[in-house]
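Here is how the chains run, residue by residue.
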Amino acid sequence: RSRRVSWRKERLGGNMQCDLQAISFGLMAKEDLILFGSLSRVKRGTYLHVRMEWKEPLRKAFEYFCKNYHLDSNEITFKLGNRTLKMSDSPQAVYMKSTDIINIYNKKALPTSTFSADMWSMFQEGKYTDVCIEYGGEEFHAHKAILAARCKKFERLFGSNFKEKDAAKIKLNCDRPRGAVAFKNLLEFIYTDNVKAFDEPPKSKPVDEEHSSSSAGVAASAAAEAEKPIEEEPDASLDGKGGRDEQANADLDTVNLYCIAEEYLLPRLKRMCEEQLKKELTADKAPMILYQTDVYGAKDLREHCFSVIIEQSDKILNGDEVKQLPAHLVLELAKRFADIARRSSSCKRPSSPREVKRPSRRRRVHFTDST
């Protein structure tokens, strides 16, 4: 009997206020719970403390929670860890402790939210718009209230004494190639908090087509380099038909979106662009993206491209992409390699024979009787 009493005290939590006849535990909603016959909900994290007898069925605790928050017990489920509890279970039967918390879930999952899709369809269909924005030669019909609520630059633009405050059409400066594509992605983020292009997997070409297009691309790029310097065309990678490569355009759009996100004070979008470029950044694309980030002032991405080139120098330095970089980038890359070589040589410098300290020998002194 003494062993059984000590085991029960241990299961009940020891120092907590409880006895052999009762136990205290908590009930907590782990997700938003739908109220019976209403559109309102019990918020996630709602907690209720319950005290009941040790052998009493949990039905009373469950019914008390449902009555307190106007829930239907048939529409929710109670779990202790991974175990689904029944109404007839008791704290003793499921070996509960006073520190345990019973989690409450919906039996039927909540319907999938369509908020982002509805907002984006409203933008694409041009419903209830009150402003037209011209950017990069294209016009975008949008809503001032949504733009001002989601973007600080638009809030200052529409909420100040500028002429754009009451204007039905405004024109924004664009000095980037393919700037209209990046601005549309910016508007998609403002309306949906996401960029669909980031979720799409990269398109892969067949092997034969890739080899043929790459060989023709080398010839086309060489001809273009002879007529026009690289400074005038940041995205100078060409395919066999003379048009820009699709993957190169996607990288350029991401870099442009990164710069626009920094200009329009959207740190979350800026971080998303960083993660997208780091995810798709490879050894062959690092020099091209380095040049684009240098032109458009993306400092963080510029440093990341330098680190990738240094880490994979055996694959990159032998290619033609590094040779096409401007002189100031090649010089900075050489300085970085020199700094690394200097640090490594200073750490591994062998000691000269003169610097080796030999153990000192003690001088023996002989004493004679005369001394």
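Residues numbered from 1 in each chain as written. Predicted model: local features only at pLDDT ≥ 70, side-chain atom pairs only at ≥ 80, totals over all residues. Heavy atoms only, no water.

Quick look at the overall build of the chain
From N to C terminus, the chain includes 14 helices and 10 strands. In the chain, of all internal contacts separated by at least 6 residues, the share reaching a separation of at least 24 is 64%. (Helix = DSSP H or I, 4+ residues; strand = E, 2+ residues; numbered from the N terminus. Contact = heavy atoms within 4.5 Å.)

Digging into the sheet that holds strand 5 (residues 76-80)
Spatially, five strands are ordered 4-1-7-5-6 in an open sheet, and the strand pairing comes out mixed. One side of each edge strand has no neighbouring strand; the edge strands of this open sheet are strand 4 (47-53) and strand 6 (83-84). Where strand 1 (residues 22-29) meets strand 7 (residues 101-106), four bridges bridge the pair, whose relative direction is parallel. Note on strand 7: the bridge partner recorded for M28 is N103. Each of strand 1, strand 4, strand 5 and strand 7 is contacted by helix 2 (residues 59-68), which is oriented at about 145° to strand 4, the strand it contacts most. (Pairing = 2+ DSSP bridges. Axes fitted to C-alpha atoms, helices over the stretch in contact; angles between N-to-C directions.)

Concerning the pattern of salt bridges
Counted by the stated rule, this structure contains 16 salt bridges. For D193, the salt bridge is made with R150, and the minimal N-O distance between the two is 3.1 Å. Taken together, the positions of D193 in the loop between helix 6 (179-192) and helix 7 (196-199) and R150 in helix 4 (residues 144-150) put the pair 43 residues apart, joining distant regions of the chain. Two residues, R336 and E303, come together in a salt bridge whose shortest N-O distance is 3.1 Å. Of this pair, R336 sits in helix 14 (residues 327-347) while E303 sits in helix 12 (residues 299-311), and the two are 33 residues apart along the sequence. Looking at R336, the relative accessible area reads 22%, which means it is partly exposed. Given the relative accessible area of 41%, E303 is considered partly exposed. One connected set of salt bridges, linked through shared partners, spans D294, R302, E303, E332 and R336. (Salt bridge = Lys/Arg side-chain N within 4 Å of Asp/Glu carboxyl O. Buried < 20%, exposed > 50% of the residue type's maximum accessible area, 1.4 Å probe, protein only.)

Description of the confidence of the model for the chain
Mean pLDDT over the chain stands at 76; residues scoring 70 or higher make up 74%. Mean pLDDT in the chain bottoms out at helix 8 (residues 207-227), which sits at 41, and peaks at strand 9 (residues 138-142), which reaches 95. Segment residues 1-18 is flagged for pLDDT under 50; beyond a separation of four residues in sequence, or across chains, it makes 25 contacts in the model. Low pLDDT (under 50) marks residues 204-244, which in the prediction has 35 contacts with non-local residues, meaning those over four places away or in another chain. (pLDDT = per-residue confidence, 0-100.)

Points about the sheet that holds strand 8 (residues 131-135)
Strand order in the open sheet made by the three strands is 9-8-10, with mixed pairing throughout. Pairing within the sheet leaves two strands with one partner each, and these edge strands are strand 9 and strand 10 (169-171). Within this sheet the neighbouring strands show an average axis-to-axis angle of 25°, counted without direction. Looking at chain direction, strand 8 and strand 9 are connected through five bridges and run antiparallel.

Examining the packing of aromatic side chains
By the definition in use, this model includes nine aromatic pairs. Geometrically, the ring pair formed by F65 and Y69 is tilted, given 5.0 Å between the ring centres and 50° between the ring planes. Judged by its relative accessible area of 0%, F65 is buried. Judged by its relative accessible area of 22%, Y69 is partly exposed. Aromatic pair F140 and F183: ring centres 5.5 Å apart, planes at 50°, arrangement tilted. Here the residue F140 occupies a position in strand 9, and F183 occupies one in helix 6, the gap between them amounting to 43 residues. F183 carries the same exposure label as F140, and that label is buried. Through pairs of rings, three or more aromatic residues link up here, namely Y135, F140, F154, F158, F183 and Y264. Residue placement shows K79 over the ring face of Y105; its charged tip is 5.6 Å from the ring centre. Residue placement shows R336 over the ring face of F306; its charged tip is 4.1 Å from the ring centre. (Phe/Tyr/Trp six-rings, centres within 6.5 Å; stacked < 30°, edge-to-face > 60°. Lys NZ or Arg CZ within 6 Å of the ring centre and 35° of its normal.)

A few points about the nonpolar core
Membership of the largest hydrophobic core comes to 61 residues, with the highest contact counts inside it found for F154, F183, I190, Y191 and Y264. The contact partners of I190, leaving out residues within four places of it in the chain, are I146, L147, R150, C151, F154 and L266. Core analysis: the second largest hydrophobic core is formed by 24 residues, F25, F65, F78 and M96 among them. (Core = buried A, V, L, I, M, F, W, Y, C linked by side-chain atoms within 4.5 Å.)

Re unusual backbone geometry
Although it is not a glycine, Y95 adopts a positive phi angle of roughly 55°. Positionally, Y95 belongs in the loop between strand 6 and strand 7. Judged by its relative accessible area of 48%, Y95 falls in the partly exposed class. Positive phi, normally seen in glycine, also occurs at Y128, with a value near 60°. Tracing the backbone shows Y128 in the loop between helix 3 (115-125) and strand 8.

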